[in-house]
Amino acid sequence: MTLKIGQNTIICDSSELEGDITIGSNCVLHPFSRIIAKDGPIVIGDGNLLEANCVLINEKKGTRDSSAPMRIGNYNRFEIGSEVRSLTIGNCNVIGIKTKLERGSVLKDGIVIAPTVNVKDGVQVQNYTVMFHKPELIVNISSESQKEENKLSTTEQIDFLKNMLPKYNNIRN
């Protein structure tokens, strides 16, 4: 196992980290969040927030699937209980509560995915999209302001959590 952690990143002791993992600076891993690099490394950018019980897992689907790195951009928020197997996630996205991103899915930038949505293998979610349960409710807002709004709200939460989590949780050194 190789673990590289950037400056000012907070990782709660109860988080599970397995395999070759790189975490950027100013990230927060809530209690019971999990990063499992089983079949390839996981590289996480700066300013990412992994809420409680969310899972990032790089695991092959079958014998024909190849090992590849999972790459997560900057300023993404993975809300409670989300499960991420996608190998490519851009910047400034909000992944809703209990959302699932299958291995072959791709997220670009400035995306908001509603809670409990399952983004299937092969789906590419384009920039500045808001995705709901029904395909006819996918909205492309075509605005970089969504990306900036997602970044700001994630950054504000990270700043708050960096002060609060150490008061109530054991933090890894």
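It should be emphasised that the depicted structure is a prediction, and the values quoted were computed from it without experimental measurement.

### Digging into the pattern of salt bridges
Taken as a whole, this structure holds six salt bridges when the rule is applied. Between Glu59 and Arg85 there is a salt bridge whose closest N-O contact spans 3.0 Å. A residue pair is termed long-range when its members are at least 10 positions apart, and Glu59 in the loop between strand E7 (55-58) and strand E8 (70-72) and Arg85 in the loop between strand E10 (83-84) and strand E11 (88-89) qualify at 26 residues. Assessed through its relative accessible area of 21%, Glu59 is described here as partly exposed. Between Arg85 and Glu83 there is a salt bridge, with the nearest N and O atoms lying 3.0 Å from each other.

### As for the pairing of strand E3 (residues 16-23)
Alignment of strand E1 (residues 3-5) against E3, held across three bridges, turns out to be parallel. Paired with Ile5 across the two strands is Ile23, which belongs to E3. Where E3 lies against strand E5 (residues 34-44), seven bridges are found, and the strand directions are parallel. Looking across to E5, one finds that Glu16 is bridged to Arg34.

### Re the environment of Phe32
Tracing the backbone through its elements, the reader meets Phe32 in the loop between strand E4 (28-29) and E5. Apart from residues no more than four positions distant in its own chain, Phe32 is found in contact with Ser14, Ser15, Asn53 and Cys54.

### Notes on helix H1 (residues 144-168)
If you check H1, its first and last C-alpha atoms are 36 Å apart, about what 25 residues at 1.5 Å a residue would give, namely 36 Å. Its maximal kink placed at Leu161, H1 deviates by approximately 35°. Those residues of H1 not exposed but buried are Gln146, Lys147, Asn150, Thr154, Ile158, Leu161 and Leu165. On the buried face of H1, the contacting elements are E4, strand E6 (49-50), strand E9 (77-78), strand E12 (94-95) and strand E15 (112-113).

### Observations regarding the nonpolar core
Judged by nonpolar contacts, the single largest core of 30 residues is most densely connected at Ile23, Ile35, Leu56, Phe78, Leu101, Leu107 and Ile113. Elements that contribute at least two residues to this core include exactly E3, E5 and E8. With four residues, E5 is the largest single contributor of residues to this core. The next biggest cluster of nonpolar side chains, apart from the first, holds seven residues, and it includes Ile10, Cys12, Val28 and Leu49.

### Considering the side chain of Asn150
When you line up the elements, Asn150 lands in helix H1. The exposure class assigned to Asn150 is buried, which follows from its relative accessible area of 4%. There is a polar contact of 2.8 Å between the side chain of Asn150 and the backbone oxygen of Cys92. Once you skip the residues sitting within four places of it in the chain, Asn150 turns out to touch Arg77, Cys92, Asn93, Val94, Gly110, Ile111 and Val112.

About the cut-offs
Residues numbered from 1 in each chain as written. Predicted model: local features only at pLDDT ≥ 70, side-chain atom pairs only at ≥ 80, totals over all residues. Heavy atoms only, no water. Salt bridge = Lys/Arg side-chain N within 4 Å of Asp/Glu carboxyl O. Helix = DSSP H or I, 4+ residues; strand = E, 2+ residues; numbered from the N terminus. Buried < 20%, exposed > 50% of the residue type's maximum accessible area, 1.4 Å probe, protein only. Pairing = 2+ DSSP bridges. Contact = heavy atoms within 4.5 Å. Expected span 1.5 Å × (residues − 1). Bend = angle between axes of the 7 residues up to and from the residue. Core = buried A, V, L, I, M, F, W, Y, C linked by side-chain atoms within 4.5 Å. Polar contact = N/O pair within 3.5 Å; in protein donor to acceptor, adjacent residues only side chain to side chain.

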